[in-house]
Every structure is written in C-alpha cells, then in structure tokens.
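# Working through the structure, step by step
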2 protein chains.
Amino acid sequence: MNLIESARAGLITPEMEQVAVQEGVTPEFVRQGVADGTIVILRNARRQNVTPVGVGKGLRTKVSASVGLYGETGGIDVEVAKIKAAVEAGTDAIMDLSVSGDIEAMLAETLAVSPKPVGTLPLYQAMAEAGRKYGSSVNMRDEDLFDVIERHAAAGVDFLALHCGTTMNIVERARNEGRIDPLVSYGGSHLIGWMLANRRENPLYEHFDRVLAIARKYDVTISFADGMRPGCLADSLDGPQVEELVVLGELVRRAREAGVQVMVKGPGHVPLQQLKATVVLEKSLCHGAPYFVFGPLVTDIAIGYDHINAAIGGALSAWAGAEFLCYVTAAEHVGIPDIDQVREGVIAARIAAHAADLANGLTCAREWDRELSRARKELDWKRQIALAIDPERAGRLREERSDAAAAGCAMCGKYCAMEIVSRYLGTARHTC
Amino acid sequence: MNLIESARAGLITPEMEQVAVQEGVTPEFVRQGVADGTIVILRNARRQNVTPVGVGKGLRTKVSASVGLYGETGGIDVEVAKIKAAVEAGTDAIMDLSVSGDIEAMLAETLAVSPKPVGTLPLYQAMAEAGRKYGSSVNMRDEDLFDVIERHAAAGVDFLALHCGTTMNIVERARNEGRIDPLVSYGGSHLIGWMLANRRENPLYEHFDRVLAIARKYDVTISFADGMRPGCLADSLDGPQVEELVVLGELVRRAREAGVQVMVKGPGHVPLQQLKATVVLEKSLCHGAPYFVFGPLVTDIAIGYDHINAAIGGALSAWAGAEFLCYVTAAEHVGIPDIDQVREGVIAARIAAHAADLANGLTCAREWDRELSRARKELDWKRQIALAIDPERAGRLREERSDAAAAGCAMCGKYCAMEIVSRYLGTARHTC
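Residues numbered from 1 in each chain as written. Chains lettered and ligands numbered in written order. Predicted model: local features only at pLDDT ≥ 70, side-chain atom pairs only at ≥ 80, totals over all residues. Heavy atoms only, no water.

### Details of the packing of helix α11 (residues 208-218) of chain B against helix α12 (residues 239-257) of chain B
All names here are of chain B. Basically, it comes down to this: The axes are straight lines fitted to the C-alpha atoms, using for helices just the contacting stretch, and the angles between their N-to-C directions are given from 0 to 180°. Comment: elements are numbered from the N terminus, with helices defined as DSSP H or I runs of at least four residues and strands as E runs of at least two. Convention used here: angles under 35 degrees read as roughly parallel, angles over 145 as roughly antiparallel, angles from 65 to 115 as roughly perpendicular, and any remaining angle as oblique. Here a crossing is called left-handed whenever its near helix is offset anticlockwise from the far helix by less than a right angle, and right-handed whenever the offset is clockwise. By the convention used here, residues are in contact when the closest approach between their heavy atoms is within 4.5 Å. Charged means Asp, Glu, Lys or Arg here, nonpolar means Ala, Val, Leu, Ile, Met, Phe, Trp, Tyr, Cys or Pro, and polar covers whatever is left, Gly included.
For the pair α11 and α12, interaxial distance at closest approach is 10 Å and the crossing angle is 45°. Between α11 and α12, the crossing angle belongs to the class labelled oblique. The hand of the α11/α12 crossing is right-handed. Contact with α11, carried on its side by Phe-208, Asp-209 and Leu-212, involves Leu-251, Arg-254 and Ala-255 of α12 and no other residues of that element. Of the residues that constitute the contact of α11 with α12, the class distribution is 4 nonpolar, no polar and 2 charged.

Shown next as structure tokens:
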C-alpha cells in the first residue's frame, strides 16, 4: 500500500509518525490529512537520505528553494553550494530546475546532497534531450516525456512539477484575454510551443492516466505547475489563470481516486487585496489540496528586492491557507541568484511562513517568539542569537556593533532614569 | 491663519496646492482632509528648503527614516551621509533622533541637508542638557523641556514627537499588566524614569496646553509618541497600549480644537491577525488622525532581517489605513544601522507602502506597475530599470548578470518553442 492507501485504511506509517513528531501534532492528525488529501508527505521511498516533510493544513508552513543549471552560468559545484546554503538557511525542500548542461548528473548530485525532499520539472530534461536527439525540442515525442518522468521518479525525486492543466482551450483563452503578458511560465512556454508546433493537446493532460500510473508506482507527489501563472498584478485572477485552476481541480480529484498525492502550484504576481481570494479559490476548486505559491509578489516594481516583495505576499497567503512557499530571490526578473541571494531568499520566505504560523495560532511558533522576547527583556544576547531565525547573521551583527555605542549615555549621569524605571517595572537594565 | 484654520475657512493654501499636485488629487480634497484632521501637512513655515509632504487618508502612503547621534558611534558626518542616502532612496521624511553628542549642531545639519520634512524627539536633548547642567537628567525642570520643544520648533522642525499620553496611570497599568517586557520605548523609558524619580505626572500631559501653544505658534505638527509601544507580539494590544491610545484620542481632540495638526505613532510588534484591529482602533479612538506605525514587526525572531519583517507588517497596516510607515532597518534590536542598512530600510518600507497603495486602488500606483509590466513584456531593460523602485540596484544586478546566461538554450535548436509561442500569443521573444 502507498501512503494514501495506508492512510485511508487507518494505518499510521513511519512517515506519518515522523511528520507528527516534527510538527507536534498527533500521528492520527497526519493520517487523516493524508487520507483527505489536505496533507501531502514529500518523500520518495527509494531515497534513503531524506527526512519526510509534511505539507498541508494544520502543519507548519514550509518553504522551498529552487536551484539548477541554466545557460552557461555556474555549474554543478556552484549549484550544489547553493543547495547546501539553502539547507543551512532552513529550507524545507529543494527544487532542481536545471534546463541545460548535464541535467542528469546535476539531479544525481541534488539527490545525494539534499537531506530535504527534492522536486524537479521533468519537461526541461525531456525537451533538452529531444533537442539533442532530434535537432529541436518541438520534435519531442510523448514517450520521451513520460520516459524522463519515470526516470526522475525512479531516481528518487520526491515531487514532480507537471503542467497537467495547461490545455489548448486555456492557451486560446490566454490568446484572447488581453493580458499585459500572456505567458511567463518558462516550462509552460516550452510546453505550449510544443503543443502549437505539433497541433496537439498537452500530453500531460491527454495522457494524465500515464502520469498517475508513474506517480502511483513510485509513490511520488505530483505538484501541478501553473502554465497560466500571471506575470504581473494586472493579469492576476483572470480567465486563463482561473480556468487552469478549474481544470486542475478536476485532476486533483482524479489523482486522489488513483491514490496519488497531489498539491497545486500558484502565483506569482497577486495584489494584496486578491491574495485571500486566490487562496480561497484554490482551496475550493482543488478540494483542499495543499497550495504551493510562488512568492507571491505584491508589486511588479521591486526589481532587486523581490525577496522582500515575496515575503509580504507569502505571509498573507500562508495566513489565508497556502501551506508551501516557493522562495523568490533578489535576483528574480533579472538573473540567476548567487549563493547569498539564495540564503537570503530562504530566510525571507521563512519569516513570511513563520509570521503566518503565528497568525494561525501554531503553538510552537508562538513559543519561539516568546522565548526570544524573554531573552531580549533579560538582555541575554547569547540566547537571543541562538533563537534568531538566522543565528549566524544575528551573531555577526551583534559583534560588528561598536562597543562604544553601548558604553556612553549622555543623559543620565549620577541618577540613571533607565535604572529607576527598571527597578520600578521589573525590567532588566537596558543600556541607555 | 495657520494651516488648519485656513482649511476650515475654506482657503486653499500654497502647501495644499503643492500636496495636491504631488498626489494627483484636487486641492479641495487636501483642504477638506486638513480641515477634518485626516490629513496633516508636514512643513514648518520657517524652513525654506523643505517641500511640504501630506500624510493622511486618500494620499500615497509615506515612509520616514530615522538617523541621529547615539553613544560614541559615527558622528555628524556619518549621520548626514545616512540622511542623503535615505533621501536618495526615496524617504518622505527624516527623523533626527540624536540622544548624545552635539545634538543641536546635528539638528542644524539635518535641517540644512534634508529637502524632506524633519521630525525630532525634543525630550532627548532636554534630558541630555539637564544631565550636563544638573548632573542628572532626572533633575530636568519642566521649563527645560518646553524650552527645547520651542527651540526645535523655532529652528524649523516640521514635526515633533512627544509622549503626551504616557500618564502615571498608564505606568501603573504597565507595572501590573504582566507584560513580557513592560517598556521598550527609549524616550518613554527616560520620561517615566523622570516621572518616578520626581513623583510627578508627565509634564507633556499635565501641561499639554503649553505644548499646544508652541505647536500653534510655529504651526508645527505634533506626532504623539507611544511610550507603551509593545516590545513583543505577546504584549500587543494589551491594557497599557490601548489605554495610552484612549488618552491620545482625548489629546487629538484638544489639539484640533487648538488648531494644531496632529498624528499618532503606533507599534511596534503586532501579529498579523491583530494588524487590522490595531489600525481600526486608532482610527476610531483618535478620530481619524493619521497613523504613523513603526514597522510593524510581525514576528520577534527576525534579528538581522527586521526590514523584511517590517515590510510585511507595514504593507498590511497601510492597506488597513495606516498612512505613514517609520522604517525599521536590518540593524534593529542589535545596533545602529550603517548607510546600506538605511538605504535598504527605506526601500523595504517603500515596497510595503506601495503594495498597500496598490491594494487601496491608488491610480498612480497602479499605473506605475502597469508601465513596468509592459516594459518587462517587451524585454525593454532600459525602461524596466528606470521604472524599478531602486533603479541603481536594478541596473547593477542586470549588469552583473552573466551574458552567458542569456546566450545558450539547450533545448530548442532549430525550432524554438519560445519563438513559436511568442508568435502565437503576441509576446516579445524571451530568451530561453
């Protein structure tokens, strides 16, 4: 039996136990969530070195960091260093989105190095191989695509990003919608290019049963990718986006019937006032499947600061019910993030996730903040730094702080006003 | 007649005209807001080099950056460089919060250098002078405090931060409330220390008419400081904070009766789910006076990343109706920000402000995002960079981007899927 079947049969598997311990919930809570499809457990049974991660309703909000070979930049070593940095910074998952170079070797490294669940977007490799084999990716055959999907599953990938809902109908709608930018999804663009060149329906939709058969065989989670992700605020919650979500809702039901775990990827660029509606809509159309949002970004103009932009949208989305945040780095819209941008992207997403966990009343989140606040009141720097979301940076900032700043107070002289207050209100004596 | 009197008499002053042009609203809209007290115009008539800035309902959300001499750090030159960086980064106001060194010389420089309205917290200088004159700040006389307030107003300060609502009653409540951290306001702590040492009511409350007389004489805006600002999420929206806000509501009414412009400072540390209530409460208790929030921070644990933390809280607060965001830098809770942290703090606050302006339907905000999105679709990098919130950083990131990344596509070969899509959907050809 796979995870869903076990859950439905009332059996608590070791993965459910592990997730329950990590989250501070009961194994029964996790089992029920998996049975209902409101929780997915990311882990491929073939990987020995991965700790299962639960994503879904009632669990801590998770974050994912994307790396991968792209163009002539970097190389496997550079990307592996980014994976290590992202894991150190506390990411809950890694997506290897390599589109060029030795994609297979990169994936092998990613799976070897990451102790966290790994996701891929198999279309990239299938198209790259078709480019080599046939002279162009548009000559890719269905078999080539399903072959790569199965190879990724067999290699141990924990979740597969697949544009199953990007149908020809929806491409037509995008063409006529009057979007500012009809298409910004990179994988979606390549897939649609293939569909148009071959005058064919999306094979991931047409042969969705084959997708399900592979996912079921390896007990891999499907992450529905959104080809119609809006590329700017003005295009948010429009016809193509919502129609694709309607189709994905249909596919969520079919996946569950087939005993396959599934989550849904979401935008993207969403104005503040549409974030809650966007999440509510996904929950309704997709029957409570976990929502894996990309940011979201709440303005289009924050080039160079999109990690901050995404933290705003991520916090609100997760508060509204999105359970998984794909990080956005400061390099978004411009280039490939370097290792510092990867690290900062993970932390920014974690701040958003944690702020939402606090708002959603998660006890472990609340206790963390209280512990740090007590340490702050006691001026216990060692403990504050240990409890900071990034102890390394907190410690460094504290060290850089000039001792001179702490030494002098020009005001108090003999009778320190701060000391009087501290005595009266029972606070620790702050430097003044 | 001062600004409020003119507005009430139906007269549109040059300041109202200027604000109307900046904001793209009618002068009558600004006049009505000033008359009602829902808009304040920051500008001291004695300053020639300041452009008036409107803060309030229906206007663009504004941000303020704080600088100032503190302990033995930096010096006037360093702080002046921060002011210039903050102005370049697009701050709408500067607060000079110097507590030590040559406070008067620093303020003169701030007023000379900043083309934006300047705010101060006169208590710091009054206490520093009392320390020198009497051996301790707790020996400060009422006269000393009112003297510094008047000197700041006469020097041209545009808004004065004053803890007028921090009464002895409220100190007692804070003592008995069971807060994790009873007191975190730096100025508030010194003031309360003075009150306890002298067994005296807060002179800014007791002699509020003197405060009003000075503010009226120089037509300076009062910014009520919040001595009971919570220092952690757990202490948010508790008795002392709300009681102080009740008192400030009473003082807002008295200020308006006296023809004095007034705004109210707010927290601080506020969990996501309390942000809207916090703003709604201020609007109700303080009769629609502009709300000048400090961040707010939505978690206590983001040491080293509090600018990101504050961007989340700032966006939500401004969407809920707060009109003025005091920046928080990455150095918050640890030390004094350096110039890069000042710059990044301003941009983070501006992203939050802009996201809220978009959500609140401001036309100029929406058009900005649309323009950039169109440039992005057209792959017009020059225009994207010019329209970015920080063109300097956007341009630098674009330059650093390896050309190699743009050159290679491993997939398409002879027939480019991206080109097929571009032709069909009418998008610009993206590099792939």
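Back to the text.
### Let's talk about the environment of Gly-193 of chain A
Looking at where Gly-193 of chain A falls in the secondary structure, it is placed in helix α9 (residues 186-198). A C-alpha to C-alpha distance of 9.3 Å links Gly-193 of chain A and Ser-137 of chain A, two positions 56 residues apart in sequence. Setting aside its immediate chain neighbours within four residues, Gly-193 of chain A contacts Val-138 of chain A together with Ala-417, Ile-420 and Val-421 of chain B.

### So, the pattern of salt bridges
Basically, it comes down to this: Here, a salt bridge means any side-chain nitrogen of Lys or Arg that lies within 4 Å of a carboxyl oxygen of Asp or Glu. Each residue's exposure class comes from its accessible area (1.4 Å probe, protein chains only) as a fraction of the maximum for that residue type: buried when under 20%, exposed when over 50%, partly exposed otherwise.
Tallied over the full model, the rule gives 57 salt bridges over all chains. The salt bridge partner of Arg-151 of chain A is Glu-129 of chain A, with a shortest N-O separation of 2.7 Å. Here Arg-151 of chain A is found in helix α7 (residues 142-155), whereas its partner Glu-129 of chain A is found in helix α6 (residues 122-134), with 22 residues between them in sequence. Between Arg-343 of chain B and Asp-340 of chain B there is a salt bridge whose closest N-O contact spans 2.9 Å. Of this pair, Arg-343 of chain B and Asp-340 of chain B both sit in helix α15 (residues 339-359), 3 residues apart, which is roughly one turn of that helix. What makes Arg-343 of chain B partly exposed here is its relative accessible area of 27%. Residue Asp-340 of chain B is classed as partly exposed on the basis of its relative accessible area of 48%. Members of the salt-bridge network, linked through shared partners, are Glu-104, Glu-129, Asp-147 and Arg-151 of chain A.

### Some words on the UniProt feature "binding site: substrate" in chain A
All names here are of chain A. Here is the rule: UniProt positions are given in the numbering used here, feature names are shortened, and annotations may be inferred rather than shown by experiment.
As recorded in UniProt, the sites labelled "binding site: substrate" are Met-95, Tyr-124, His-163, Ser-185, Tyr-186, Gly-187, Asp-226, Gly-227, Met-228, Arg-229 and Phe-292. Mapped onto the elements of the fold, Gly-227 is located in the loop between β7 (221-224) and α12 (239-257). Among residues more than four places away in sequence, those in contact with Gly-227 are His-163, Thr-166, Leu-183, Ser-185, Gly-188 and Glu-244. With respect to the element layout, Met-228 can be found in the loop between β7 and α12. Residue classification places Met-228 among the buried positions, given a relative accessible area of 0%. Setting aside chain neighbours within four positions, we find Met-228 in contact with Thr-166, Ile-170, Val-171, Ala-174, Arg-179, Pro-182, Leu-183, Ile-192, Pro-240, Gln-241 and Glu-244.

### Digging into the environment of Leu-145 of chain A
Residues and elements named next belong to chain A. Its location among the elements puts Leu-145 in helix α7. Between the C-alpha atom of Leu-145 and that of Ile-103, which follows or precedes it by 42 residues, the distance is 14 Å. Discounting residues that sit within four places of it in the chain, Leu-145 has contacts with Leu-123, Ala-126, Met-140, Pro-203 and Leu-204.

### Details of the UniProt feature "binding site: [4Fe-4S] cluster" in chain A
All names here are of chain A. This chain's UniProt record puts "binding site: [4Fe-4S] cluster" on Cys-409, Cys-412 and Cys-416. Relative to the helices and strands, Cys-416 resides in the loop between α19 (403-407) and α20 (417-425). Cys-416 gets classed as buried once you look at its relative accessible area, which sits at 8%.

### Details of the domain arrangement of chain A
Residue and element names in this part refer to chain A. Put simply, the rule reads: Each domain's limits were defined by an automated method or a database of domain assignments. Buried area, as used here, totals the accessible surface that two parts lose on assembly, with accessibility defined by a 1.4 Å probe and the loss added over both. Pairs of N or O atoms are called polar contacts if they sit within 3.5 Å, as long as, within protein, a hydrogen donor faces a hydrogen acceptor (for residues adjacent in sequence, only side-chain-to-side-chain pairs).
Each assigned domain of chain A is listed here: domain 1 (62-360) and domain 2 (365-425). Counting residues at the interface gives 7 residues for domain 1, matched by 7 residues for domain 2. When residues of domain 1 are sorted by the area they lose upon contact with domain 2, Arg-350, His-354 and Leu-358 head the list and together hold 60% of the total. A salt bridge links Arg-393 to Glu-344, with the shortest nitrogen-to-oxygen separation between them at 3.0 Å. Taken together, the connections running from domain 1 to domain 2 amount to 3 residue pairs in polar contact (both at pLDDT 80 or more). In the side of domain 1 that touches domain 2, the residues fall into 3 nonpolar, 1 polar and 3 charged.

### A few points about the state of the cysteines
All names here are of chain B. Put simply, the test is: Criterion for a disulfide: a pair of cysteine sulfur atoms within 2.5 Å.
Under the defined criterion, the tally for this structure stands at 0 disulfides over all chains. Cysteine Cys-164 remains unbridged, with the sulfur of Cys-286 as its closest cysteine sulfur at 12 Å. Given a relative accessible area of 0%, Cys-164 falls into the buried group.

### Thoughts on helix α5 (residues 103-113) of chain B
Residues and elements named next belong to chain B. Applicable threshold: It is the directions from the helix axis to the C-beta atoms that the arc portrays.
Buried residues of α5: Ile-103, Met-106, Leu-107, Thr-110 and Leu-111, and no others. Looking straight down α5, one finds its buried side chains confined to an arc of 135°; they lie on one side. Against the buried residues of α5 lie α4 (76-88), β4 (93-96), β5 (118-120), α6 (122-134) and α7 (142-155).

### What about the side chain of Glu-79 of chain A?
Among the structural elements, Glu-79 of chain A can be located in helix α4 (residues 76-88). Aside from chain neighbours lying at most four places away, what touches Glu-79 of chain A is Val-67, Gly-68, Leu-69 and Met-106 of chain A.

### Structural notes on the interface of chain B and chain A
Taken together, the contacts link 106 residues of chain B with 106 residues of chain A. Here chain B packs against chain A, burying approximately 9100 Å² in sum over the two surfaces, 71% of which is carbon and sulfur. Run the count over chain B and chain A and you get 0 salt bridges. Looking at which element gives the most residues to the side of chain B that touches chain A, the answer is α15 of chain B, with 11 residues. When grouped by side-chain class, the residues that make up the side of chain B that touches chain A number 62 nonpolar, 28 polar and 16 charged.

### Side note on the relation of the copies chain B and chain A
The condition that has to hold: To superpose the copies, least squares is applied to the C-alpha atoms of every residue with a pLDDT of at least 70 in both.
When chain B is fitted to chain A, the best match, at an RMSD of 0.0 Å, comes from turning it 180° and sliding it 0.0 Å along the axis. Such a combination of rotation and displacement between the chain copies is what one expects of a two-fold axis. Among all residues of chain B, the one whose C-alpha sits closest to the rotation axis is Ile-312 of chain B, at a distance of 2.2 Å.

### Points about the sheet that holds strand β5 (residues 118-120) of chain A
All names here are of chain A. Quick reminder of the rule: In short, DSSP must find at least two bridges between two strands for them to pair.
Overall, parallel pairing links the 8 strands, which are arranged β3-β4-β5-β6-β7-β8-β9-β10 in a closed barrel. Strand after strand, the sheet turns through a mean of 25° between neighbouring axes, direction not considered. Two strands pair when backbone bridges link them, and β7 and strand β8 (residues 262-266) are joined in this way by 3 bridges, in the parallel orientation. Looking across to β8, one finds that Ile-222 is bridged to Val-262. In this fold α12 packs onto β7 and β8, with an angle of close to 165° to the strand it touches most, β8.

### Some words on the packing of aromatic side chains
This is how it is decided: Two rings from Phe, Tyr or Trp (for Trp, the six-membered ring) form a pair when their centres are within 6.5 Å of each other. A pair whose planes differ by under 30 degrees is stacked, one over 60 is edge-to-face, and the rest are tilted. Counted as over-ring charges are cases with an Arg CZ or a Lys NZ within 6 Å of the ring centre that also lie within 35 degrees of the ring normal.
Under the criterion given, the structure shown has 12 aromatic pairs over all chains. Residues Phe-208 of chain A and Phe-224 of chain A carry aromatic rings whose centres are separated by 5.8 Å and whose planes lie at 40° to one another, so their mutual orientation is tilted. Note that Phe-208 of chain A is positioned in helix α11 (residues 208-218) and Phe-224 of chain A in strand β7, a separation of 16 residues in sequence. With centroids separated by 4.0 Å and ring planes inclined at 20°, the aromatic side chains of Phe-292 of chain A and Phe-324 of chain A adopt a geometry described as stacked. Linking Phe-292 of chain A in strand β9 (residues 291-294) with Phe-324 of chain A in strand β10 (residues 324-326), this pair joins segments that are 32 residues apart in sequence. Across this residue pair, the class does not change: Phe-292 of chain A and Phe-324 of chain A are buried. Linked through ring pairs, Tyr-70, Tyr-124 and Tyr-186 of chain A together constitute an aromatic cluster. Taking NZ or CZ as reference, Lys-265 of chain B lies 5.0 Å from the ring centre of Phe-292 of chain B, over its face.

### Re the nonpolar core
Heads up, the rule is: Remark: nonpolar core denotes a set of buried residues (Ala, Val, Leu, Ile, Met, Phe, Trp, Tyr, Cys) joined through side-chain atoms within 4.5 Å.
Judged by nonpolar contacts, the single largest core of 250 residues is most densely connected at Phe-224 of chain A together with Phe-224 of chain B. Setting aside residues no more than four positions away along its own chain, Phe-224 of chain A makes contact with Leu-162, Cys-164, Phe-208, Leu-248, Leu-251, Val-252, Val-262, Met-263, Val-264 and Lys-265 of chain A.

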